[in-house]
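For reference, the chains in residue letters:
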Amino acid sequence: MKIDAGPPPTPSVRTGELDALVRAGLLDVGEELIWERRGASHRAVVVSGGALQLADGRIFESPSGAARALAGYEVNGWRNWARARDGVRLASLRDQI
């Protein structure tokens, strides 16, 4: 006897931490972010849902998670990542909402 369990569960969609900045019009989906550190320049793009996508394709829900993945230790990504077009830090943008 086969039991019908119904449709498979829908995976939960998690909202990235930048979503509020996107909804407030302070960041756009597709907007480039930059983090200059110790002579290295790291870049990411804001993706749908308010997450960050690094150049290697990895996606992170938080700026700090993306920074930690690049640095290898705990980093406050809000203070380090900035909009590439004008250099305004994410922490400053967050303070505006």
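Above this text you will find the structure in question.
Structure report, in brief. Remember, predicted model here, so these are calculated numbers, not experimental data.

Some remarks on the nonpolar core
Counting residues in each nonpolar core, the largest one holds 20 residues, and the members touching the most others are Leu-18, Leu-21, Leu-27, Leu-33, Leu-52, Trp-81 and Leu-90. Those elements that place two or more of their residues in this core are strand S1 (32-37), strand S2 (40-47), strand S3 (51-54), helix H2 (63-71) and helix H4 (90-95). Among all residues touching Leu-18, those that are not within four sequence positions of it are Leu-27, Leu-33, Val-46, Gly-50, Ala-51, Leu-52, Pro-63, Trp-78 and Leu-90.

Observations regarding the sheet that holds S1
With antiparallel pairing, 5 strands are arranged side by side in an open sheet as S4-S3-S2-S1-S5. Looking along the sheet, the strands with just one partner apiece sit at the ends: strand S4 (59-60) and strand S5 (82-83). Bridge analysis of S2 against S3 gives 4 bridges, and the strand direction is antiparallel. In the strand pairing of S3, Val-47 is matched with Ala-51. On the sheet, H2 packs against S1, S2, S3 and S4 and is oriented at approximately 45 degrees with respect to S1.

Let's talk about the side chain of Ser-62
Secondary-structure assignment places Ser-62 in the loop between S4 and H2. Among the residues examined, Ser-62 registers a relative accessible area of 14% and is labelled buried. At a separation of 2.8 Å, a polar atom in the side chain of Ser-62 contacts the main-chain amide nitrogen of Gly-65. When sequence neighbours within four positions are dropped, the list of residues in contact with Ser-62 reads Glu-17 and Leu-52.

Quick word on the side chain of Arg-37
Along the chain, Arg-37 turns up in strand S1. Here Arg-37 sits buried without a salt bridge, and the closest side chain of opposite charge, Glu-36, lies 10 Å off (N-O distance). Excluding residues that lie within four positions of it along the chain, Arg-37 makes contacts with His-42, Leu-70, Ala-71 and Tyr-73.

Re H2
Of the residues making up H2, those classed as buried are Pro-63, Ser-64, Gly-65, Ala-66, Ala-67 and Ala-71. Lining the buried residues of H2 we find S1, S3, S4, helix H3 (77-80) and H4. Backbone geometry just after H2 places Gly-72 at a positive phi near 90 degrees.

A word on the pairing of S3
Where S2 folds back on S3, the antiparallel hairpin that results is connected by 3 residues, among which Gly-49 adopts a positive phi of roughly 90 degrees. Note: S3 against S4, 2 bridges, orientation antiparallel. Bridge pairing in S4 places Gln-53 opposite Ile-59. Adjacent in sequence and paired antiparallel, S3 and S4 are bridged by 4 residues, among which Gly-57 carries a positive phi angle near 100 degrees.

Here is what the cut-offs are and how they apply
Residues numbered from 1 in each chain as written. Predicted model: local features only at pLDDT ≥ 70, side-chain atom pairs only at ≥ 80, totals over all residues. Heavy atoms only, no water. Core = buried A, V, L, I, M, F, W, Y, C linked by side-chain atoms within 4.5 Å. Buried < 20%, exposed > 50% of the residue type's maximum accessible area, 1.4 Å probe, protein only. Helix = DSSP H or I, 4+ residues; strand = E, 2+ residues; numbered from the N terminus. Contact = heavy atoms within 4.5 Å. Pairing = 2+ DSSP bridges. Axes fitted to C-alpha atoms, helices over the stretch in contact; angles between N-to-C directions. Polar contact = N/O pair within 3.5 Å; in protein donor to acceptor, adjacent residues only side chain to side chain. Lys, Arg positive; Asp, Glu negative; His and termini not counted. Salt bridge = Lys/Arg side-chain N within 4 Å of Asp/Glu carboxyl O.

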